Amino acid sequence: MSTQTYEAETFRKLQPQEYLRKFLLKEVRPDGRELKQFRQTTVNLGCISTTNGSSLVRIGNTTVVCGIKAEVSVPKQTSTKEGYLVPNVELSPMCSPKFKPGPPSEHAQVLSENINRLLKSASILDLNTLCIHEGSAVWVLYADIVCVNYDGNVFDACVIGLITALSNVKLPKATFAEEEGLVKATEELLIPLNLSRLPYPATFSIFDGQYLLVDPTEVEESVAHEVITIICDEAGQICTVWKVGGISCTPKHLEKCISIARERYIEIAAIVENEEKSNNLI
Amino acid sequence: MSLNRVDKRKFTEIRPISIEQNYVNKDGSALFKFGDSAVLCSINGPTEVKVRDEKLDKATIDVLFKPWIGSPGTNEKTHELVLRSTLESIIQANLHPRTLIQVVCQVLMDDGSILATAINATTMALINAGISMRDIAVAVSCVICKDGTILIDPKEQEIEENQSFHTFAFNKVSLNLLFCESFGVFTEKQYFDCYELSKTAAQEVINEIHNAIKYNITNGR
């Protein structure tokens, strides 16, 4: 028996594509999932007490921590009432040997950029609500998203992490004393952010131009280069469609992805709601 | 109704396209313009590759995207990833193992839909460089305005006030979706409307590319 497992492992390393193909012919994935099945997802809110809002998201073995820290800053000259929301994704060598220490890798930069575009284009948070005193002081929210364990589908984990952390943010009540030019804030953290929508994502890979794999793992990502990400909101509207690589994607694939993404939305919303309830009890 | 756009175009009309190949003295190059948006793309290769980037079974494709003004940021990095993954699925990289194909895109003028312009410029430069490809990629952008109208190939001014912004790239043979980037808030129906309109517009781009190649061949360039 032990020699057999060894052989399968060797086969996987030598012929990763053929290895995956053999599984998919039987409509099953190497980790025992069905093609349309997401990995178990958990959300843990407020896990870092030194932040204004935080969350820890697990999708299978992929783990992402998002912490949001609020600081006071001067607004831009051109938009005197707008605060800032600065998302940053970090993929350190800790999460996978693929990443080297040093400046952010291309992958991390693309994740940050796409998250920033999502925040801006879907206007999830009205930046005017971050104003303390027009022209003098606004809140700046640093959203640091750190990947702790990389096992594929990190974008989904990052977006869920960011959105849940944002809904977890509590800001102190702040006033601007004009004579002293100082911002005074209360000790207690009271004011939640007013988010206009709560979008959640779903990611798919197309392998061999025919198999649609939901929520790919790192191994699946490395051989299936055609990736589709759909982000929907609670009203069923779409906030992002992102598709790169491969030439086999048709509108049929997209329709299927969108309908699965909507089912996934309900699933994640339920997980988050449960977590919020249990968090409030403590 | 057609007067509603800033430059008096119809909603589904693309801007005039201008294509110039052999623009700089490289293995292959092309200047592609969508109206005032212009991207210059030059190709080097297949050439020697650094050992670190070497792939045993295919050519390494390296993309550099230079913005019009300022230094490259995360936006340009994202464009690079998009271009690279698009090219990897259309270039026959397995014909040139252990080599490097370097693609450099320089934005000469940015008046909206710059990523689509860059993808088209790259396609023309690759054809000019004589790199073997399975297929060619053509790209078109569109926006959905607040009132729900869809504008194909928007100018910068039209992008600023929109509900959502989409860029689609299709392959020529089957007109399947190569790349899609859609941000904003929109419904499923609106998305597929954009998809179909962009596909029609992509066909027009393909025709223009055909004409440009024909012109170059008949004039012996």
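Residues numbered from 1 in each chain as written. Chains lettered and ligands numbered in written order. Predicted model: local features only at pLDDT ≥ 70, side-chain atom pairs only at ≥ 80, totals over all residues. Heavy atoms only, no water.

### Describing the sheet that holds strand β2 (residues 28–34) of chain B
All names here are of chain B. In spatial order, the strands read β1-β2-β3-β5-β4; together these 5 strands make up an open sheet with mixed pairing. Two strands lie at the open edges of the sheet, namely β1 (17–21) and β4 (60–66), each paired on one side alone. On average, each strand axis in the sheet is tilted by 15° relative to the strand beside it, whichever way the strands run. As defined by bridge partners, β1 adjoins β2 across 5 bridges and the pair is classed as antiparallel. Residue pairing for β2: Gln 21 is matched across the bridge by Ala 30. Contacting β4 and β5 (100–109), helix α1 (residues 74–88) crosses the sheet at an angle of about 145° to β4. (Pairing = 2+ DSSP bridges. Helix = DSSP H or I, 4+ residues; strand = E, 2+ residues; numbered from the N terminus. Axes fitted to C-alpha atoms, helices over the stretch in contact; angles between N-to-C directions. Contact = heavy atoms within 4.5 Å.)

### Details of the pattern of salt bridges
Throughout the structure, instances matching the rule amount to 31 salt bridges over all chains. For Asp 215 of chain A, the salt bridge is made with Arg 39 of chain A, and the minimal N-O distance between the two is 3.0 Å. Remark: Arg 39 of chain A occurs in the loop between α2 (16–25) and β1 (41–45) and Asp 215 of chain A occurs in the loop between β10 (211–214) and α5 (218–223); sequence separation between them is 176 residues. As far as the burial class goes, Asp 215 of chain A and Arg 39 of chain A line up, both buried. The shortest N-O distance in the salt bridge between Asp 53 of chain B and Arg 52 of chain B comes to 3.7 Å. Overlapping salt bridges bring together Arg 5, Asp 7, Arg 9, Arg 15, Asp 111, Asp 153, Lys 155 and Glu 158 of chain B as one network. (Salt bridge = Lys/Arg side-chain N within 4 Å of Asp/Glu carboxyl O. Buried < 20%, exposed > 50% of the residue type's maximum accessible area, 1.4 Å probe, protein only.)

### Some points on the UniProt feature "domain: Exoribonuclease phosphorolytic" (unreviewed entry) in chain A
All names here are of chain A. Feature annotation in UniProt places "domain: Exoribonuclease phosphorolytic" (unreviewed entry) on residues 37–172 and 201–263, given in this structure's numbering. Secondary structure content for residues 37–172 is 23% helix and 38% strand, and the end C-alpha separation is 41 Å. Across residues 201–263, helical content stands at 30% and strand content at 40%; the span's end C-alpha atoms are separated by 11 Å. (UniProt positions renumbered as here; feature names shortened; annotations may be inferred.)

### Points about helix α3 (residues 106–121) of chain A
Residue and element names in this part refer to chain A. Spanning 16 residues, α3 covers 22 Å between terminal C-alpha atoms, matching the ideal 22 Å at 1.5 Å per step. Among the residues of α3, those classed as buried are Ala 108, Gln 109, Val 110, Leu 111, Ser 112, Glu 113, Asn 114, Ile 115, Arg 117, Leu 118 and Leu 119. A positive phi of about 30° marks Ser 123, the residue just after α3. (Expected span 1.5 Å × (residues − 1).)

### Notes on the side chain of Glu 220 of chain A
Looking at the element boundaries, Glu 220 of chain A is found in helix α5. When its relative accessible area of 2% is taken as the criterion, Glu 220 of chain A is described as buried.

### Digging into unusual backbone geometry
Residues and elements named next belong to chain B. For the bond running from Gly 45 to Pro 46, omega is 0°, close enough to zero to count as cis. Residue position: Pro 46 is located in strand β3 (residues 37–47). Its identity is not glycine, yet Lys 8 carries a phi of approximately 60°, on the positive side. Among the structural elements, Lys 8 can be located in the segment before β1. Phi is positive for Asp 153, which is not a glycine, with a value near 50°. Tracing the backbone through its elements, the reader meets Asp 153 in the loop between β7 (150–152) and α3 (156–160). Residue Asp 153 is classed as buried on the basis of its relative accessible area, which comes to 0%.

### What to know about the interface of chain B and chain A
On the side of chain A, 30 residues touch chain B, which itself brings 31 residues to the contact. Summed over both partners, the interface of chain B with chain A buries about 2,800 Å², with 59% contributed by carbon and sulfur atoms. Area buried by chain B at its contact with chain A is led by Phe 183, Val 185 and Glu 188 of chain B, which between them contribute 22% of it. Put simply, chain B and chain A have 3 salt bridges between them. Linking Arg 84 of chain B and Glu 106 of chain A is a salt bridge whose minimum nitrogen-to-oxygen distance equals 3.0 Å. Seen at the junction of chain B and chain A, the total is 15 residue pairs in polar contact (both at pLDDT 80 or more). Only α1, β9 (177–186) and α4 (188–218) of chain B provide two or more residues apiece to the side of chain B that touches chain A. (Buried area = accessible area lost by both parts, 1.4 Å probe. Polar contact = N/O pair within 3.5 Å; in protein donor to acceptor, adjacent residues only side chain to side chain.)

### Focus: the layout of surface pockets
Of the voids in this model, the second largest pocket is the one considered here, and its volume is about 900 Å³. Listing elements by their share of the lining of the second largest pocket, those giving two or more residues are α3 of chain A together with α1, α2 (114–129), α3, β8 (164–171) and β9 of chain B. Broken down by element, the lining of the second largest pocket gets its largest block of residues, 5 residues, from α3 of chain A. Broken down by class, the residue content of the lining of the second largest pocket amounts to 10 nonpolar, 12 polar and 8 charged. (1 Å grid on protein atoms, 1.4 Å probe; cavity = no way out; pocket = protein on both sides within 12 Å on 5 of 7 lines; lining within 4 Å. Points joined across faces, edges and corners; volume = space filled by probe spheres on them. Nonpolar A, V, L, I, M, F, W, Y, C, P; charged D, E, K, R; others polar.)

### Comments concerning the side chain of Asp 156 of chain A
Residue and element names in this part refer to chain A. Along the chain, Asp 156 falls in helix α4 (residues 154–168). A polar contact of 2.6 Å, which involves the side chain of Asp 156, links it to the side chain of Thr 203. If sequence neighbours within four positions are ignored, Asp 156 has contacts with Ile 59, Pro 201, Ala 202, Thr 203 and Thr 229.

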